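Each chain, written out:
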Amino acid sequence: MAGDYRFSFGPWNIHEGADPFGPTVRPSISFARKLKMYKKLGFDAVQFHDDDAVPDMEKLTPAKIRKEAAAMKKMIASEGLVAEFVAPRLWEHPQGIDGGFTANDPACRKWANERAKRCIDIANALDTRLIVLWLAREGTYIRESKNAIEAYRWLLESINAMLEYDDKIEIAIEPKPNEPTDMAYVPTIGHALAMAQHSVDPKRVGGLIETAHALLAGLDPSDEMAFALSMGKLFSVHLNDQNGLKFDQDKSFGAANLRGAFNQVRVLELADYPSTGRFVGLDVKAMRTQKADVAHKHLANSRAVFLRLLEKVRTFPNEIAQDCIAARDYEALEMLVLEHLMGS
Ligand code: XUL
Ligand code: MN
C-alpha cells in the first residue's frame, strides 16, 4: 500500500562502489538497464543530473543538447517513467573546481551560469519544471579564500538569472553543510528559504531536504521538513540515513534511526505531502560490500521501510496521545511511541 506516495531515485544510486580509499567493486550497469529496474523496484520517476540525461554535454551545441534530451524523454517514457528534476552537475568539471556560481574567477562564474541554462533546456525537453541545486563546491576549504558576502550575492544573481531565463521553472535548493567543501554556503533550509525570499520570484524557489544533510548540520530532518512545509516550500526530499557526524553515508532509509525515519514520514503525512503532487525521492547508496547481483536492494528496502512506517503513522493511537499531551505526561507519550514502533 503506497498511499498516494510516488517514489524516485537517481541513476547514481545504483553504482560501482568506489570510495575515496578504493576502486570500483561492481561492474557498471548501463543507463538503459537501470531504467528497466525502476518499475520493478516500485519507482515512478527518475532524478537526473544534466549530464546523466545528456552525457558529454560540454562538447555539444545547445541545439544538440536539446535534441539528445528529447531522445532521453522518449526513452524514459517507453518505460512508463517521468523525470522528477534535473540538477546542474557543476562539481565534476574543471571550471567548477572552486565552486561555479561563487568561484572567484569570473570566467568560471560565467561558465556555471551558462551550464545552468543548458540544464533548464534539458529539464524542458524532459518535461519537468523542477531544477535542483545541490551547491556542492559553493563554499570554501579555507575561509579566507572567498568574500562570503560577495559569494552569497553572486549565488542569488545566478538563481535570479535562472528564474529569468525560464518563467516556468522552479528551483529546489538542496542544503548541505559540508563535503566536498569544508564549509558550504547555504548549509540549512533556513538559509535556502531566506535566499528564496530575496529572489526575483520567491514562490518559485524552495527546498529539497536530504535526511543525511540535515543530520550533518546537527539538525532534525523532520523539523527541517516541517519548516519548509509550513511555508509550502518543500519541493522534494532525499530520504536516506546517517550514523552520526562523519562522511555523507547515504544509508538506506531508517537503517540508523528508525524513530527518526518514522518522524520524517509522520511530518510528510501531517502535511498531506502527496496532495502537492511531489515525489518522495531517495538518495541511498548500496554498501561497498554488496555483490553486484544484489546491489539494488537498498532502494526497494528504503521504499519498503517508508511504507511500513506510513502504516505505523496511520495506525498511531492519536486519541491516547492527545490524552498524554493534555496531561503533559510526555513520559507516557514516549512509551506510547516506542510501544507502537516495537509492535506488540
Ligand atoms: C550529494 C547529493 C547529491 C544531490 C544531487 O550529497 O545528495 O546526490 O542529491 O545532486
Ligand atoms: Mn541528495
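Refer to the structure printed above.
The shown structure was predicted, so the numbers you read here are calculated from the model rather than taken from an experiment.

### Considerations on the overall build of the chain
Each helix and strand counted, the chain has twelve helices and ten strands in total. Taken against the 2.2 N^0.38 rule, which gives 20 Å for 344 residues, the C-alpha radius of gyration of the chain at 20 Å falls within 12% of a compact globule. When the backbone C-alpha atoms are referred to their principal axes, the chain occupies close to 60 × 45 × 40 Å. Classification of the 344 residues of the chain by burial places 51% in the buried group. Across the chain, contacts joining residues at least 24 apart in sequence account for 76% of those joining residues at least 6 apart. Element-wise, carbon and sulfur atoms account for 54% of the exposed surface of the chain, whose accessible area totals about 16,300 Å².

### Here's the deal with the site of ligand 1
With respect to spatial proximity, the complete set of residues near ligand 1 consists of Trp12, His49, Trp91, Trp134, Glu174, Lys176, Glu210, His213, His238, Asp248 and Asp283. Between ligand 1 and the protein, one listed contact pairs an oxygen atom with a side-chain N or O atom of aspartate 248 at 3.0 Å. Among the detected pockets, ligand 1 sits in the largest pocket.

### Description of the coordination of the manganese ion (ligand 2)
Under perfect tetrahedral coordination by four donors, a metal shows angles of 109.5 degrees; under perfect octahedral coordination by six donors, it shows angles of 90 or 180 degrees. The manganese ion (ligand 2) binds to the protein through Glu174 (OE), Glu210 (OE), His238 (ND1) and Asp283 (OD); the donor distances cover 2.0 to 2.3 Å. Mapped onto the sequence, the residues coordinating the manganese ion (ligand 2) show the spacing E-x35-E-x27-H-x44-D. Here glutamate 210 lies in strand 8 (residues 205-210) and glutamate 174 lies in strand 6 (residues 170-174), a separation of 36 residues in the sequence. What makes glutamate 174 buried here is its relative accessible area of 6%. On the accessibility criterion, glutamate 210 (1% relative accessible area) is buried.

### Looking at the packing of aromatic side chains
Following the criterion strictly, the structure yields ten aromatic pairs and no others. Taking the centre distance of 4.6 Å and the plane angle of 70 degrees together, the rings of tryptophan 91 and tryptophan 134 count as edge-to-face. Highlighted residues: tryptophan 91 in the loop between strand 3 (82-87) and helix 4 (106-125) and tryptophan 134 in strand 4 (residues 130-134), separated in sequence by 43 residues. When its relative accessible area of 22% is taken as the criterion, tryptophan 134 is described as partly exposed. What links up through ring pairs into an aromatic cluster is the set Tyr5, Phe7, Phe9, Tyr38, Phe43, Phe253 and Phe306.

### Some points on the pattern of salt bridges
Across all of its chains, the model carries 23 salt bridges by this definition. Aspartate 51 serves as the salt-bridge partner of arginine 115, at 3.6 Å between the closest nitrogen and oxygen. Remark: aspartate 51 occurs in helix 2 (residues 50-53) and arginine 115 occurs in helix 4; sequence separation between them is 64 residues. Among the ionic pairs, arginine 115 bridges to glutamate 58, the shortest N-O distance being 2.7 Å.

### Notes on the layout of surface pockets
Size it by volume and the largest pocket reaches roughly 1,500 Å³. Where the lining of the largest pocket is concerned, the elements lending two or more residues are strand 3, strand 4 and helix 10 (297-314). Per-element accounting of the lining of the largest pocket gives the leading share, three residues, to helix 10. Residues that form the lining of the largest pocket fall into these classes: 17 nonpolar, twelve polar and 17 charged. Considered as a void within the structure, the second largest pocket measures approximately 360 Å³ in volume. Surrounding the second largest pocket, 17 residues form its lining, Phe262, Arg266, Phe316, Asn318 and Val337 being those nearest its centre.

### Examining the packing of helix 6 (residues 189-198) against helix 8 (residues 221-229)
Closest axis-to-axis distance for the helix 6/helix 8 pair is 10 Å, and the angle between their directions is 15 degrees. By the angle between their directions, the pair helix 6 and helix 8 is classed as roughly parallel. The handedness of the crossing between helix 6 and helix 8 comes out as right-handed. Mapping the contact onto sequence places Ile189, Gly190 and Leu193 in helix 6 and Glu224, Phe227 and Ala228 in helix 8. Residue composition of the contact of helix 6 with helix 8, by class: four nonpolar, one polar and one charged.

### Remarks on a nonpolar patch on the surface
Taken together, the side chains of Met335, Leu338 and Met342 present a nonpolar region at the surface, about 300 Å² in accessible area. By the element assignment, methionine 335 lies in helix 12 (residues 330-342).

### Overview of unusual backbone geometry
The peptide bond linking glutamate 179 to proline 180 adopts the cis configuration, its omega dihedral lying at 10 degrees. Within the secondary structure, proline 180 sits in the loop between strand 6 and strand 7 (183-184). In this structure, aspartate 127 is a non-glycine residue whose phi angle is positive, near 65 degrees. Looking at the secondary structure, you find aspartate 127 in the loop between helix 4 and strand 4. Phi at valine 186 is positive, roughly 60 degrees, even though this residue is not glycine. Overall, the relative accessible area of 1% leaves valine 186 in the buried class.

Definitions and limits used
Residues numbered from 1 in each chain as written. Chains lettered and ligands numbered in written order. Predicted model: local features only at pLDDT ≥ 70, side-chain atom pairs only at ≥ 80, totals over all residues. Heavy atoms only, no water. Helix = DSSP H or I, 4+ residues; strand = E, 2+ residues; numbered from the N terminus. Rg over C-alpha atoms; globule rule 2.2 N^0.38 Å. Buried < 20%, exposed > 50% of the residue type's maximum accessible area, 1.4 Å probe, protein only. Contact = heavy atoms within 4.5 Å. Areas by Shrake-Rupley, 256 points an atom, 1.4 Å probe, with all protein chains shown as cover. Near = heavy atom within 4 Å. Polar contact = N/O pair within 3.5 Å; in protein donor to acceptor, adjacent residues only side chain to side chain. 1 Å grid on protein atoms, 1.4 Å probe; cavity = no way out; pocket = protein on both sides within 12 Å on 5 of 7 lines; lining within 4 Å. Sits in = over half its atoms within 2 Å of the grid points. Donors = N, O, S within 2.8 Å, 3.2 Å for Na, K, Ca; no water. Phe/Tyr/Trp six-rings, centres within 6.5 Å; stacked < 30°, edge-to-face > 60°. Salt bridge = Lys/Arg side-chain N within 4 Å of Asp/Glu carboxyl O. Points joined across faces, edges and corners; volume = space filled by probe spheres on them. Nonpolar A, V, L, I, M, F, W, Y, C, P; charged D, E, K, R; others polar. Axes fitted to C-alpha atoms, helices over the stretch in contact; angles between N-to-C directions. Parallel < 35°, antiparallel > 145°, perpendicular 65-115°, else oblique. Left-handed = near helix turned anticlockwise from the far one by under 90°. Patch = residues over 30% accessible without salt bridge, like charges linked within 9 Å, V, L, I, M, F, W, Y side chains within 5 Å.

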